[in-house]
Amino acid sequence: MPEIPAGKLEQSHSLPAAEDHSSSEPMAVSTPIQLSMAYLTIADSVSVRAAYPYSPRKLLILDLNGTLLIRPKPRGVAGRPIHPRPYMPAFRSYIFHETVKPWLEVMVWSSAQPHNVDEMVDRCFGDRREELKAVWARDTLGLAAHDYFRKVQTVKDLEKCWSNLTDTSPSHTAETTLLIDDSARKAHLQPYSHIPVPEYTQNLRNRDLSTKLHNARLSKKADQTYHLFDPTLIALVGVLDEIKEQTNVAGWIRADRLWSGYEPPRADCSSFELFADDKKDGIIETERGTPCGSSSDVASSQVWFDHQPCFQYWVDRGKRVVKALGIKLDHGVVR
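From a predicted model like this one, the values you see are computed outputs, not experimental measurements.

## Details of the side chain of Glu 105
Along the polypeptide, Glu 105 turns up in strand β5 (residues 104-109). A polar side-chain atom of Glu 105 sits 3.2 Å from a polar atom in the side chain of Lys 133. Sequence-distant contacts of Glu 105, that is, excluding residues within four places in its chain, are made with Arg 57, Lys 58, Leu 59, Leu 60, Lys 133, Thr 168 and His 172.

Right under this line is the structure:
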C-alpha cells in the first residue's frame, strides 16, 4: 500500500479505552493468585540500560485476534474474514529487519484452534512466517478436554515458553520476555512481562476504513490534514526500541518505565496478593503500587495507551525508528 501522500499529518491519535473481554472469555479464576517468588525476585530487580550485545536477547510473544488483527464473525456461509491491524506491514518489516533479528526473537501464541491460527499467521506474516521462532495455538494451553471447544478464560503461562524454547542460549526468562496481548487476564501469572494493547474491535476497524476514505479524498489536494490510522503497532515499535537495551524487561515494566516519565495513576494498596477481577481485564497487587500500563493494575481505568501524552511519545518514537531503518510507513488497510 502507498504511504500517506504529502501534506499535513494529524500528529495525535486517541484510542477508546480497553474493552472488557469477560463476555467472550469468562473468567475461570476466582481465587487469589500467588505469583512465584522467583518471578517476583526478577520483577523487583532494577533494569539498567546496556547497548546490545551487552543487554540480553529478547523474546517477543505476540497474540493474534484482537492484538494484530480482527477476525469478525461471518454474516453468511463464507469463512471468517481476517483484517490485520493498521501498520502491520511496517511492524512486520521492523521485527524481521536485519538489524533487529540479532537481538529479537518473535513467536506467536494464540488461544485459537490450530487451523484458525494457521490462517491468521499467514494473513499477518505471509512468506515471512518461517522467521517466527514458534507458533503456538490452543493445544498448548493445557486445557481440559471439555474446555477445548468452549469459551473459557485461558492463561498464557510464560514458564511454558521458558522451559520449552530450549534452543536459545542463554535461555529466556522474565528478564528477556515481553508478551503483547489485548487481554490482561491471559497474563496474570506473569503480569510484569505483559504490555496490554487496546483490542482491535470492529469499531476501530470502521474508523480506520473511514480514515482511508478521508485521506483518499484529500490525496490530490495540498495543505490538507491527513488522519492517522490506529497507530498501536507503531507505538510498539517505539517500546521495543527501548526494551532492546534494557537488561530486565519485567523490572522495567514493574518500575513504571512504560510511562516514559509521566506519572501513572496509582492503586490504593494494602495486601500482597493478586486477585482476578470480574469487571476489568486484569489483576491487582495490593501492597505496592503497580504500573497502570501493565496487566497488574485494575484499580485505575487508565492504561498507558489511554494516556495521550504517553501513548504519543511511543508513537513518535516508533515513527522515528521506522524511518531510520528505511521502512515505509505502510498502513496496509484494505477493505
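Let's pick the thread back up.
## What to know about the packing of aromatic side chains
Here the structure, examined in full by the defined rule, presents 9 aromatic pairs. Consider the rings of Tyr 313 and Trp 314, whose centres lie 4.8 Å apart with planes at 80 degrees: the pair is edge-to-face. Among the residues examined, Tyr 313 registers a relative accessible area of 29% and is labelled partly exposed. Within the aromatic cluster, the residues linked to one another by ring pairs are Trp 252, Tyr 313 and Trp 314.

## Here we look at the pairing of strand β2 (residues 58-62)
Judged by how many residues are buried, β2 sits mostly within the fold: 5 of 5 residues are covered. Residues Lys 58, Leu 60 and Leu 62 point to one face of β2 and Leu 59 and Ile 61 to the other, with burial holding for every one of them. Direction of pairing for β2 relative to β5: parallel, over a ladder of 5 bridges. Bridge assignment links Leu 60 to a residue of β5, and that residue is Val 106.

## A few points about the pattern of salt bridges
Going through the model one piece at a time under the given rule, you end up with 17 salt bridges. The residue Arg 85 makes a salt bridge to Asp 230 at a minimum N-O spacing of 2.6 Å. Here the residue Arg 85 occupies a position in the loop between β4 (83-84) and α2 (88-95), and Asp 230 occupies one in the loop between β9 (225-226) and α6 (232-243), the gap between them amounting to 145 residues. Of the charged contacts, one joins Asp 167 and Lys 133 as a salt bridge, the two residues approaching to 2.8 Å between their closest N and O atoms. Taken as a pair, Asp 167 in the loop between α4 (158-164) and β7 (177-181) and Lys 133 in the loop between α3 (114-125) and β6 (134-136) lie far apart in primary sequence, 34 residues in all. Exposure remark for Lys 133: the relative accessible area of 23% places this residue in the partly exposed category. Bridged by salt links that share partners, the residues Arg 49, Asp 241, Glu 242, Lys 244, Glu 245 and Arg 317 form one connected network.

## Structural notes on the confidence of the model for the protein chain
Regions with low pLDDT carry predicted coordinates that are not meant to be interpreted in detail. With 76% of its residues at a pLDDT of 70 or more, the protein chain has an overall mean of 82. Low confidence marks residues 1-11, where pLDDT is under 50. Its contacts with residues over four positions away, or in another chain, come to 33 contacts. This stretch, residues 267-301, has a pLDDT under 50; its non-local contacts, to residues over four places away or in other chains, come to 115 contacts.

## Regarding the sheet that holds strand β8 (residues 194-196)
Within the open sheet, the 5 strands sit side by side as β6-β5-β2-β7-β8. Their pairing is parallel. Each end of this open sheet is capped by a strand with a single partner; those strands are β6 and β8. Averaged over all pairs of adjacent strands, the angle between strand axes in this sheet comes to 20 degrees, irrespective of strand direction. Those strands touched by α2 are β2 and β5, and its axis lies near 155 degrees from that of β2. α3 rests against β2, β5 and β6 of the sheet, and its axis sits at about 140 degrees to β6.

## A few points about the nonpolar core
Ranked by size, the top nonpolar core spans 57 residues in total, and within it Leu 60, Phe 91, Ile 95, Phe 125 and Trp 304 carry the most contacts. Secondary structure elements with two or more residues in this core: β2, α2, β5, α3, β7, α6, α7 (249-254) and α8 (308-324). Among the elements that line this core, the one with the most residues is α6, at 8 residues. Aside from chain neighbours lying at most four places away, what touches Phe 91 is Leu 60, Leu 62, Leu 68, Leu 233, Leu 236, Val 237 and Leu 240.

## Examining the pairing of β5
A large share of β5 lies buried, amounting to 6 of its 6 residues. Of the two faces of β5, both are covered, the one formed by Leu 104, Val 106 and Val 108 as well as the one formed by Glu 105, Met 107 and Trp 109. Following the chain from β5 across α3 to the adjacent parallel β6, one finds a crossover that is right-handed.

## Remarks on α6
Over its 12 residues, α6 extends 16 Å from the first C-alpha to the last, a length consistent with the 16 Å expected when each residue adds 1.5 Å. Of all the 12 residues making up α6, 12 are buried; the element is thus mostly covered by neighbouring parts of the structure. For α6, every residue scored as buried is listed here: Thr 232, Leu 233, Ile 234, Ala 235, Leu 236, Val 237, Gly 238, Val 239, Leu 240, Asp 241, Glu 242 and Ile 243. Those residues of α6 hidden inside the fold are in contact with β2, α2, β7, β8, α7 and α8.

## Some words on unusual backbone geometry
Even without a glycine there, the phi angle at Tyr 87 is positive, about 70 degrees. Inspection of the secondary structure puts Tyr 87 in the loop between β4 and α2. Look at Tyr 87 and you get buried, because its relative accessible area is 1%. Phi is positive for Asp 256, which is not a glycine, with a value near 70 degrees. Residue position: Asp 256 is located in the loop between α7 and β10 (274-276).

Analysis parameters
Residues numbered from 1 in each chain as written. Predicted model: local features only at pLDDT ≥ 70, side-chain atom pairs only at ≥ 80, totals over all residues. Heavy atoms only, no water. Helix = DSSP H or I, 4+ residues; strand = E, 2+ residues; numbered from the N terminus. Polar contact = N/O pair within 3.5 Å; in protein donor to acceptor, adjacent residues only side chain to side chain. Contact = heavy atoms within 4.5 Å. Phe/Tyr/Trp six-rings, centres within 6.5 Å; stacked < 30°, edge-to-face > 60°. Buried < 20%, exposed > 50% of the residue type's maximum accessible area, 1.4 Å probe, protein only. Pairing = 2+ DSSP bridges. Salt bridge = Lys/Arg side-chain N within 4 Å of Asp/Glu carboxyl O. pLDDT = per-residue confidence, 0-100. Axes fitted to C-alpha atoms, helices over the stretch in contact; angles between N-to-C directions. Core = buried A, V, L, I, M, F, W, Y, C linked by side-chain atoms within 4.5 Å. Right-handed = clockwise from strand over helix to strand, strands pointing away. Expected span 1.5 Å × (residues − 1).

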